[in-house]
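A look at the structure
Spelled out from the first residue to the last, the chains are:
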Amino acid sequence: MEYRKLGKWGIRVSEVGLGSWLTFGGSVQDESSKNLIQLAYENGINFFDTANVYYKGQAEIAVAKAIKNIRRDGIVLATKAYFPMDSGPNDRGLSRKHLFEQCNASLKRLQTDYIDLYQCHRPDPDTPVEETAMAMDDLCRQGKILYWGVSEWPAAAITEACDIARRNHSHPPVSNQPIYNILNRYIEKEVLPACEQEGLGQVVFSPLAQGVLTGKYLPGQAPPPESRAADDKSNIFMGDIMKDEVLEKVQRLRPIAEGIGLTMAEMALAWCLRQPGVSSVIIGATKQSQLDDNIKAAGVKLSEETLRQIDEVMQVR
């Protein structure tokens, strides 16, 4: 495993991190979660990401059980808040009230004294960025969180949060968690340059496009049994990427990966990590074989020729 700084900040995270979206606390049972997290840790993964909203707190509870026998100071534990956790008018968003209450709830579910990285799960159009930034600074000063970050925030909001922190001499955001993969590169235009300017590191989710970039889904064929795409509870965000035209392009990546001795998953993760602004790619393994394959992407460097071939298949100019 290799490690990168979280943007310009001193904390280091494993190039491959393990997430719990649609897995721990739900489709992956507690004992399997424990085994996967233990195996990940033994293979050098120190970055574990979850969120309060994943299975309405059950993912955090599952993660807590799994890390119980792991050195707390040996991991970087991340969670998030924003999405509704109940039906009340203040049970959502990035208000000071919601962030304080959900931070305390996450600490209890995670059975820990502090959260290494507390993230704003989405931008909140109903709350001033200043209110959110000040609340996060207070949580830092209270010792409940060490760092704070954002997820899927636009470039302008990220810059605004950093400007507020400078004016107030407060803790700024240190990371952004966007979707980023060979099929979805939107952050390259504005978000990535803004984050590099401000010193935020990217901890990207869905680097394998929910498994599509592994090549296991074939155009014109039903998804394999027990795969995410075959599960109606887990495939709700996969509509656009399961179209035959997308799957055909993905299959054209196979000979490129084989030509350089990599699996398609390894190549897809290494493609994300080619960006110096990317600190970690967050995978969502449900079995040991997936974890073993994905971990191998750490430290892999793709040649300019390989990157050119990938762009050619994806018709990127």
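In what follows, the accompanying structure is described.

**A few points about helix 3 (residues 96-110)**
The terminal C-alpha atoms of helix 3, which comprises 15 residues, lie 21 Å apart, in line with the 21 Å expected from a rise of 1.5 Å per residue. Buried within helix 3 we find His 98, Leu 99, Phe 100, Gln 102, Cys 103, Ser 106, Leu 107, Arg 109 and Leu 110. If you follow the buried residues of helix 3, they end up packed against helix 2 (58-66), strand 5 (76-81), strand 6 (115-120), helix 4 (129-141) and strand 7 (145-150). Gln 111 sits one or two positions beyond helix 3 and adopts a positive phi of about 55 degrees.

**Quick word on the packing of aromatic side chains**
In the structure shown here, the tally under the stated rule is two aromatic pairs. Plain terms: the ring middles of Tyr 82 and Phe 83 are 5.0 Å apart, the flat faces sit at 75 degrees to each other, and that makes the pair edge-to-face. Arranged with centres 5.2 Å apart and planes meeting at 35 degrees, the rings of Tyr 180 and Trp 271 form a pair that is tilted. A residue pair is termed long-range when its members are at least 10 positions apart, and Tyr 180 in the loop between strand 8 (175-176) and helix 6 (191-198) and Trp 271 in helix 9 (residues 264-273) qualify at 91 residues. Of the two residues, Tyr 180 and Trp 271, neither departs from the other in class, the shared state being buried.

**Things to note about the packing of helix 2 against helix 3**
Direction vectors running N to C along helix 2 and helix 3 enclose 40 degrees, while the axes themselves pass 7 Å from each other. As the angle between them shows, helix 2 and helix 3 are arranged oblique. Touching Glu 60, Ile 61, Val 63 and Ala 64 of helix 2 are Ser 106, Arg 109 and Leu 110, all from helix 3. Residue classes in the contact of helix 2 with helix 3 are distributed as four nonpolar, one polar and two charged.

**Considering the pattern of salt bridges**
If charged atoms from side chains of opposite charge come close, those side chains can pair. Counted under the stated rule, the structure contains 14 salt bridges. The partner of Asp 73 in a salt bridge is Arg 71, with the nearest N and O atoms 2.9 Å apart. A relative accessible area of 54% places Arg 71 in the exposed class. Between Asp 137 and Arg 141 there is a salt bridge, with its nearest N and O atoms 2.8 Å apart. Of this pair, Asp 137 and Arg 141 both sit in helix 4, separated by four residues, roughly a single helical turn. Assessed through its relative accessible area of 7%, Asp 137 is described here as buried.

**Observations regarding unusual backbone geometry**
A positive phi angle, close to 55 degrees, is found at Gln 111, a residue other than glycine. Here Gln 111 lies in the loop between helix 3 and strand 6. Unusually for a residue other than glycine, Glu 152 sits at a positive phi of about 60 degrees. Mapping Glu 152 onto the fold places it in the loop between strand 7 and helix 5 (155-168).

**Points about the nonpolar core**
Counting residues in each nonpolar core, the largest one holds 85 residues, and the members touching the most others are Leu 253 and Leu 291. The biggest single contributor to this core is helix 9, with nine residues. Excluding anything up to four places from it in sequence, Leu 253 contacts Ile 182, Leu 213, Met 264, Met 267, Ile 310, Val 313 and Met 314. Counting residues in hydrophobic clusters, the runner-up holds 10 residues, among them Val 76, Ala 78, Val 174 and Val 203.

**What about the environment of Thr 263?**
Mapped onto the elements of the fold, Thr 263 is located in the loop between helix 8 (254-259) and helix 9. According to the relative accessible area criterion, Thr 263 is partly exposed, its value standing at 31%. The spacing of Thr 263 and Pro 89 is 174 residues in sequence and 47 Å in space, taken between C-alpha atoms. Ignoring any residue separated from it by four or fewer positions in sequence, one finds Thr 263 in contact with Ala 257 and Asp 293. Engagement of the side chain of Thr 263 in a polar contact is seen with the backbone nitrogen of Glu 266, the distance being 3.1 Å.

**Regarding the pairing of strand 10 (residues 278-283)**
Along strand 10, six of the six residues are buried, which leaves the element largely enclosed by surrounding structure. Where strand 3 (residues 16-19) meets strand 10, three bridges bridge the pair, whose relative direction is parallel. Residue pairing across strands places Gly 17 opposite Ile 282, the latter belonging to strand 10.

Analysis parameters
- Residues numbered from 1 in each chain as written.
- Predicted model: local features only at pLDDT ≥ 70, side-chain atom pairs only at ≥ 80, totals over all residues.
- Heavy atoms only, no water.
- Helix = DSSP H or I, 4+ residues; strand = E, 2+ residues; numbered from the N terminus.
- Expected span 1.5 Å × (residues − 1).
- Buried < 20%, exposed > 50% of the residue type's maximum accessible area, 1.4 Å probe, protein only.
- Contact = heavy atoms within 4.5 Å.
- Phe/Tyr/Trp six-rings, centres within 6.5 Å; stacked < 30°, edge-to-face > 60°.
- Axes fitted to C-alpha atoms, helices over the stretch in contact; angles between N-to-C directions.
- Parallel < 35°, antiparallel > 145°, perpendicular 65-115°, else oblique.
- Nonpolar A, V, L, I, M, F, W, Y, C, P; charged D, E, K, R; others polar.
- Salt bridge = Lys/Arg side-chain N within 4 Å of Asp/Glu carboxyl O.
- Core = buried A, V, L, I, M, F, W, Y, C linked by side-chain atoms within 4.5 Å.
- Polar contact = N/O pair within 3.5 Å; in protein donor to acceptor, adjacent residues only side chain to side chain.
- Pairing = 2+ DSSP bridges.

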